[in-house]
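For reference, the chains in residue letters:
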Amino acid sequence: MPKAPDWRRWTWSLPLLLALLFVAAVLAWARADRAAEREAEQQTLIADSLSTAAQLRVRLDEEHRLLRELAAQLAGGQALDEAPALRQGLAGSWQSLVWLDAQLRERAQQPPPGLQRRELSQSLFLNEDLADGGRLVLRYDPARLLAAGVPWWLSRRYDVQLIDHEDQLVASLLRAPVRVVSGDLPSHRVPLDEAGSLLLELTLREPMRDGLLPLVLALIAGFLPLAAWASWLLRRQLRRLIAAEARWRGEAAWRAAIEDSALVGLRARDAEGLLLSVNRTFCEMVGRSAAELVGHAPPMPYWHPDGLNEAMQRSRRNLQGGAPREGYETRWRHASGRDIDVLVFETPLVDAQGQQIGWLGTVLDITERKRLAESEARQVEAQAQAARLTMLGEIASTLAHELNQPLSAIASWNAGVINSLQRLGVDDAQVHGALQRLGEQAAQAGRVVKRIRQFLTKREPQLEPLRLNPVIEAAARVLSKEFAQREVQLELRLDATLPEVVADAVLIEQVLINLLRNAGDALLERAPPRRIQVHSRVAGGFLVVEVCDNGPGLGGRSSEQLFSPFYSTKREGMGMGLAICRSIIEAHHGVLDAGPAQLGGARFAFSLPLS
Ligand code: ADP
């Protein structure tokens, strides 16, 4: 059973593979998207850090400017506690201010130490050198600075902290200033002064969003089992399909094997006579390949060329359902050119739905059977002919027997008459000659009858060494008168050096007389000159005698036909002459043959073996 190719068994996995590839692509895309988003958030964080740092620096510069303004107000003689710059500062982020003289001794401090606010966050210091060598030392609250310098929305997104160079918290926007360590959360630091001792740190409060990734993962988590389930269904279906196909192939191969093993030819035709299928026996029967035949419409290439019209009519009749139930015989032509006799039965070709779609022809090759039947018939005919011949032989034998007596009587009466005439002294030469010839003819007739009788009673011919030319001349003499009357010129071209041959002179003479008489009869059909030539010669161990004429010839008839008993074209002919001649020649181990003569008519020749 042919198996499905391996790759087909795995085609079900292709959609699954594609689904996995799709999932991988979506994951890669989601990852890349997440990275891009993170990058964007980082950029935002940096930008926010930089802008916040810039704002804080402006705030610091403002504090510095206010401190310088205070220094100027003090230099202008303004009392420290009444200086407007001090009041403005303390209303802001200033915690305390210490005024030092040139020797760095404290001149004044505002607010006085007992009244100073206790701040939770660390303090930062700003110094301003005075013109008199003194110095103003400002302690301010960086948390306030942050609260004033950082927009509210920023503080909702980030933990905003000020830290020193040792990573210690300086100030935070949180109520309880605890150092927030970034951990996994993204953060960014920006130095607020040139020395880098004060840094602004922004830390994202919430981890960055993962964008579409969770949704994608959720979808994939749902999609993958679905794809796997669909693939499993596909695989099961495919296996069933492959198994069904294998079964179908097996059945088709089995059916083809049965069809091809059948000894009868099968041919399926559609309603129009187009060949749909043929089995191997049919192909062998007509000697043509299935490819050559299938799809062929009438006239079929195997129809006999001599009966195309008839075959066409029969085909139409069959397609209309008129084929005889017992089948019909016809003759087809094998591709090699030989004829084949077939017996065809036509039955309706019905499809799986019970619809007739054409005709199924069952074809039997009956060539051999017919040949046997014909040869049997020929044999019966031959037997009938042999029976007729035997009967004829019997009649001839009886006749010969019956004629023997009267012929002997004629001969003795003739001898008696001659003796009586001699005694009476009648010496008429003419009468004497006539009686002499009468006696000779009677004796000759007696010999002929005797020989024929011997021959017909299956006695061997009386063989004796014989010179053939005198026999030919004797036969010619017998017919000379007849030929003269019919204006037939008989020409003997005999080889004088002919060796002797062992034969029965009387029978050979009868053969010659028969051949010459047939030639004379044929010549009657034409106007003179009527010519017959007789040749004798030696050829290859045989002595050959030919009788040729310029008559109408054999008209295409075969020797077989001419030599068969009772075949005659003459009105009163018996058709036995040539048959007996052949029997006589064959009894001498020779051959009798017929064909066209150079003179234009027929040529009959017999050969006798020399040894
Ligand atoms: P029959 O003489 O009784 O017809 P034969 O057997 O002698 O029988 O001859 C058979 C036939 O052969 C003749 O009827 C004739 O048609 C044909 N035949 C014989 N000899 C010749 C010939 N020389 N030329 C033409 N046809 C001949």
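Worth saying up front: this structure is predicted, and the values here are computed from it rather than measured.

## Considering the overall build of the protein
Point 1. In terms of regular secondary structure, the protein is built from 15 helices and 20 strands.
Point 2. In terms of overall size, the protein is more extended than a compact globule, its C-alpha atoms giving a radius of gyration of 71 Å where 611 residues would be expected to give roughly 25 Å.
Point 3. With the C-alpha coordinates of the protein rotated into their principal frame, the extents come out at 230 × 55 × 40 Å.
Point 4. In the protein, which comprises 611 residues, the share counted as buried stands at 37%.

## Digging into the environment of Arg 9
Point 1. You can see Arg 9 is positioned in helix α1 (residues 6–9).
Point 2. Residue class for Arg 9 comes out partly exposed when judged on its relative accessible area of 27%.
Point 3. In sequence terms Arg 9 and Leu 241 are 232 residues apart; their C-alpha atoms lie 10.0 Å from each other.
Point 4. Not counting residues up to four positions away in its chain, the partners in contact with Arg 9 are Leu 238, Arg 239 and Ile 242.

## What to know about the site of the ligand
Point 1. Near the ligand you find 20 residues, and of these Asn 518, Ser 568, Thr 569, Lys 570 and Leu 578 are the closest.
Point 2. Contacts to the ligand include Asn 518, whose side-chain N or O atom sits 2.8 Å from an oxygen atom.
Point 3. A distance of 3.1 Å separates an oxygen atom of the ligand from a polar atom in the side chain of Arg 557.
Point 4. Against a free-state accessible area of 530 Å², the protein chains account for coverage of 93% of the ligand.
Point 5. Contributions of two or more residues to the shell around the ligand are made by α13 (505–523), α15 (577–587) and β20 (602–609).

## What to know about the pairing of strand β7 (residues 187–191)
Point 1. Across 5 bridges, the pairing between β7 and strand β8 (residues 198–204) is antiparallel. The partner of Pro 191 across the bridge, within β8, is Leu 199.
Point 2. Between β7 and β8, which follow one another and run antiparallel, lie 6 residues, and Gly 196 among them has a positive phi close to 80 degrees.

## A few points about the pattern of salt bridges
Point 1. Summed over all chains, the structure comprises 29 salt bridges.
Point 2. Two residues, Lys 370 and Glu 329, come together in a salt bridge whose shortest N-O distance is 3.5 Å. Separated by 41 residues along the polypeptide, Lys 370 in helix α10 (residues 367–424) and Glu 329 in strand β11 (residues 328–333) bring together distant segments of the chain.
Point 3. Residues joined by salt bridges that share partners form a network here, namely Glu 482, Arg 486, Arg 517, Asp 521 and Lys 570.

## Points about a nonpolar patch on the surface
Point 1. A contiguous nonpolar patch, built from Leu 14, Leu 17, Leu 18, Leu 20 and Leu 21 and spanning about 500 Å² of accessible area, is present on the exposed surface.
Point 2. For Leu 17, the location among the structural elements is in helix α2 (residues 13–75).

## Here we look at the environment of Leu 20
Point 1. Relative to the helices and strands, Leu 20 resides in helix α2.
Point 2. Separated by 489 residues in the primary sequence, Leu 20 and Glu 509 place their C-alpha atoms 113 Å from one another.

Conventions we followed
- Residues numbered from 1 in each chain as written.
- Predicted model: local features only at pLDDT ≥ 70, side-chain atom pairs only at ≥ 80, totals over all residues.
- Heavy atoms only, no water.
- Helix = DSSP H or I, 4+ residues; strand = E, 2+ residues; numbered from the N terminus.
- Rg over C-alpha atoms; globule rule 2.2 N^0.38 Å.
- Buried < 20%, exposed > 50% of the residue type's maximum accessible area, 1.4 Å probe, protein only.
- Contact = heavy atoms within 4.5 Å.
- Near = heavy atom within 4 Å.
- Polar contact = N/O pair within 3.5 Å; in protein donor to acceptor, adjacent residues only side chain to side chain.
- Areas by Shrake-Rupley, 256 points an atom, 1.4 Å probe, with all protein chains shown as cover.
- Pairing = 2+ DSSP bridges.
- Salt bridge = Lys/Arg side-chain N within 4 Å of Asp/Glu carboxyl O.
- Patch = residues over 30% accessible without salt bridge, like charges linked within 9 Å, V, L, I, M, F, W, Y side chains within 5 Å.

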